[in-house]
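Residue-level listing of the chains:
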Amino acid sequence: MRNLLARLRGDERVRFLIVGGINTVLGYGLFALFDLTVGRFVGYLACLFGAYAIATIVAFILHRRFTFQVGGTGSVVVDFLRFSIVYLVTLALNTIALPLLVELAHLTPLVAQAAITIVATALSYVGHKFFSFRRPTESTDSELADARNTVPAPENTRDPSSTVT
């Protein structure tokens, strides 16, 4: 059992699902809270934007430290900007899909947002893995160091005394 738990904890996809689950509950909970309290005054899209703003910051911290474990590497600012770009893409899709599902499919905002969350989760995993928290591999780092520390061989290494005349 211990080995299974260690293997699961070592799997980035499992960590993403755990953090994603926490963040989904937080983001959806904030959306529901905003929709049920101030939604009639500001509309469901404003509730969506407020929930995304808060959930994005929490998700960044959790994904950087726990999911992708890049806490001490790279630039926090660059990572946050890249992370925000991925979230802006999912927010843009959400901003288009939510009114379509509410106005055309006649779903309630809470049901529509729950459906959209499933798609947004898959998109965000791919974006964060390959863009937000991408790091060079160790072999790439060592290859670059080797390339910088070597002197290129001369192009013509032929011994002039061995020429045939």
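Conventions and cut-offs
- Residues numbered from 1 in each chain as written.
- Predicted model: local features only at pLDDT ≥ 70, side-chain atom pairs only at ≥ 80, totals over all residues.
- Heavy atoms only, no water.
- Helix = DSSP H or I, 4+ residues; strand = E, 2+ residues; numbered from the N terminus.
- Buried < 20%, exposed > 50% of the residue type's maximum accessible area, 1.4 Å probe, protein only.
- Contact = heavy atoms within 4.5 Å.
- Salt bridge = Lys/Arg side-chain N within 4 Å of Asp/Glu carboxyl O.
- pLDDT = per-residue confidence, 0-100.
- Phe/Tyr/Trp six-rings, centres within 6.5 Å; stacked < 30°, edge-to-face > 60°.

**Considering the environment of Tyr 28**
Part 1: Tracing the sequence through the fold places Tyr 28 in helix α2 (residues 12–37).
Part 2: With a relative accessible area of 28%, Tyr 28 lands in the partly exposed category.
Part 3: Put simply, Tyr 28 and Leu 48 are 20 residues apart on the chain and 8.9 Å apart in space, counted from C-alpha to C-alpha.
Part 4: Excluding residues within four positions of it along the chain, Tyr 28 makes contact with Leu 110, Val 111, Gln 113 and Ala 114.

**Brief notes about the pattern of salt bridges**
Part 1: Here the structure, examined in full by the defined rule, presents 3 salt bridges.
Part 2: For Asp 11, the salt bridge identified is with Arg 13, shortest N-O distance 2.9 Å.

**Examining the confidence of the model for the chain**
Part 1: Residues at a pLDDT of 70 or more form 82% of the chain, whose mean pLDDT is 82.
Part 2: Looking across the chain, the model is least confident in helix α7 (residues 138–149), with a mean pLDDT of 48, and most confident in helix α3 (residues 39–42), with 96.
Part 3: Note on residues 140–154: pLDDT under 50 across the span, and 1 contact to partners over four residues away in sequence or across chains.

**A word on unusual backbone geometry**
Part 1: In the Ramachandran plot, Gln 69 falls in the positive-phi region, its phi being about 45° despite a non-glycine side chain.
Part 2: Within the secondary structure, Gln 69 sits in the loop between α4 (44–67) and α5 (76–104).
Part 3: Of note in the backbone geometry, His 106 takes a positive phi value of approximately 60° without being a glycine.
Part 4: With respect to the helices, strands and loops of the structure, His 106 is situated in the loop between α5 and α6 (109–132).
Part 5: Since its relative accessible area comes to 65%, His 106 is described here as exposed.

**Looking at the packing of aromatic side chains**
Part 1: As enumerated under the stated definition, the model contains 10 aromatic pairs in all.
Part 2: For the pair Tyr 52 and Tyr 87, a centre-to-centre distance of 6.0 Å together with 65° between the ring planes defines the contact as edge-to-face. With Tyr 52 in helix α4 and Tyr 87 in helix α5, this residue pair connects regions lying 35 residues apart in the sequence.
Part 3: The class of Tyr 52 is buried, set by a relative accessible area of 13%.
Part 4: Assessed through its relative accessible area of 11%, Tyr 87 is described here as buried.
Part 5: Ring geometry for Phe 60 versus Phe 80: centroids 5.0 Å apart, planes at 85°, classification edge-to-face. On the criterion of sequence distance, the pair formed by Phe 60 in helix α4 and Phe 80 in helix α5 is long-range, its members being 20 residues apart.
Part 6: Taken together, the aromatic side chains of Phe 16, Tyr 52, Phe 60, Phe 68, Phe 80, Phe 83, Tyr 87, Tyr 125 and Phe 133 make up a single cluster linked through ring pairs.

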